[in-house]
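# What the coordinates show
Given next are the chains, with one letter for each unit.
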Amino acid sequence: MTIDSSRWSLRMPRRTRRLIQLVAGLVAYAVSMALMMRAALGSMPWDVFHQGVAGRTALPVGAVTVVVAVGVLLLWIPLRERPGLGTVANVVVIGATVDTALAVLPAPEALWLRTAYAVAGIVLNAAATAAYIGVGLGPGPRDGLMTGLAARTGLSVRLVRTAIEVTVVLVGWALGGVFGPVTVVYALAVGPLVQWFLPRFTVGAVSPSPSAASPRCSDPS
């Protein structure tokens, strides 16, 4: 069986396409994290926390990402959330890739190059998020926590997401994580960018119409 024909689809079995896109999206997500970290202008909310913890321990950022993801997955148990293949791959692939990306990417000194890193990181992060969500193989640990809390408390996803991200940013900043303008720009820009990319990466979509409805998700990690 092949996916629907369009300029965004590939003539290959749907399952194979989904697996390839899942891994590629998660690798790209890890690279986007490294780009924003190397820009040193602020990181994604959860990465502010990861950097803060890494700075207070002997663990690299990738290892901290994995440990935090596993801890968040344990919180799924009382929330009755169910992980999928994408959930497990999220923990393994991003954690294994981000440290490699950080080792390969040089840390720029010029402000214009740091800004370019940050912009590229935000756009790549949105595309990678859409690619990973578009295969429908399970949410990332932090997204599952968000939706699970919203379902159990009756609060809106927006309110729960904001509360979680404000908390992790404040704790991460207190621990020494990098908070800056990129953190704010990311929070404002990534939702609309993911919404634009998502129809183009959803496996089986008939057309990549930007007007198609899509969820506002931005941190699959």
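What counts and what doesn't
- Residues numbered from 1 in each chain as written.
- Predicted model: local features only at pLDDT ≥ 70, side-chain atom pairs only at ≥ 80, totals over all residues.
- Heavy atoms only, no water.
- Helix = DSSP H or I, 4+ residues; strand = E, 2+ residues; numbered from the N terminus.
- Contact = heavy atoms within 4.5 Å.
- Areas by Shrake-Rupley, 256 points an atom, 1.4 Å probe, with all protein chains shown as cover.
- Axes fitted to C-alpha atoms, helices over the stretch in contact; angles between N-to-C directions.
- Parallel < 35°, antiparallel > 145°, perpendicular 65-115°, else oblique.
- Left-handed = near helix turned anticlockwise from the far one by under 90°.
- Nonpolar A, V, L, I, M, F, W, Y, C, P; charged D, E, K, R; others polar.
- pLDDT = per-residue confidence, 0-100.
- Core = buried A, V, L, I, M, F, W, Y, C linked by side-chain atoms within 4.5 Å.
- Buried < 20%, exposed > 50% of the residue type's maximum accessible area, 1.4 Å probe, protein only.
- Phe/Tyr/Trp six-rings, centres within 6.5 Å; stacked < 30°, edge-to-face > 60°.

Before going further, it helps to spend a moment on the overall build of the chain. Per the secondary structure count, the chain includes eight helices and zero strands. Traced from its N-terminal end to its C-terminal end, the chain shows the element sequence α-α-α-α-α-α-α-α. A sequence separation of at least 24 residues applies to 75% of the contacts in the chain between residues at least 6 apart. Of the roughly 10,500 Å² of accessible surface on the chain, a fraction of 70% belongs to carbon and sulfur atoms.

Let us now look at the environment of P60. The topology assignment puts P60 in the loop between α2 (45-56) and α3 (61-79). Here the alpha-carbon distance between P60 and G95, two residues 35 residues apart in the chain, equals 9.8 Å. What P60 contacts, discounting residues up to four positions off in sequence, is A54 and D99.

Another aspect to go through is the packing of α3 against helix α6 (residues 141-153). Any two packed helices are characterised by how steeply their axes cross, that is the angle between the axes, and by the distance between the axes. At a closest axis distance of 9 Å, the pairing of α3 and α6 adopts a crossing angle of 25°. Looking at the two axes, α3 sits roughly parallel to α6. The two elements α3 and α6 meet at a crossing, and its hand is left-handed. Counting all contacts with α3, which are made through T65, V68, A69, V72, L73, L75, W76 and L79, the residues of α6 involved are P141, R142, G144, L145, G148, L149 and R152. A class-by-class count of the residues in the contact of α3 with α6 yields ten nonpolar, three polar and two charged.

Let us now look at the confidence of the model for the chain. Scored by pLDDT, the chain has a mean of 84; 86% of the residues are at 70 or more. The element-level mean pLDDT for the chain is lowest in α6, coming to 87, with helix α5 (residues 111-134) highest at 94. Every residue in residues 1-11 scores below 50 in pLDDT, and together they form 25 contacts with partners more than four places removed in sequence or on other chains. Considering only residues more than four positions removed or in separate chains, one finds that residues 205-218, a stretch of pLDDT under 50, has 29 contacts.

In this structure, L22, L26, Y29, M33, W46 and Y186 are the most contacted members of the largest nonpolar core, which totals 52 residues. Put simply, the parts of the chain that give this core at least two residues each are α1 (14-39), α2, α3, α4 (85-104), α5, α6, α7 (157-175) and α8 (181-201). If you tally residues by element for this core, the top one is α1, at eleven residues.

Before going further, it helps to examine the packing of aromatic side chains. Applying the stated criterion across every chain yields a total of four aromatic pairs. Their ring planes at 85° and their centres at 6.3 Å tell us that W46 and F49 sit as a pair that is edge-to-face. With a gap of three residues between them, W46 and F49 both fall in helix α2, about one helical turn apart. The burial state of W46 is the same as that of F49; both residues are buried. Taken together, a centroid distance of 5.4 Å and an interplanar angle of 35° make the contact between W173 and F179 tilted. F179 sits in the partly exposed class, given a relative accessible area of 38%. Through a chain of ring-to-ring contacts, the aromatic side chains of W196, F197 and F201 assemble into a single cluster.

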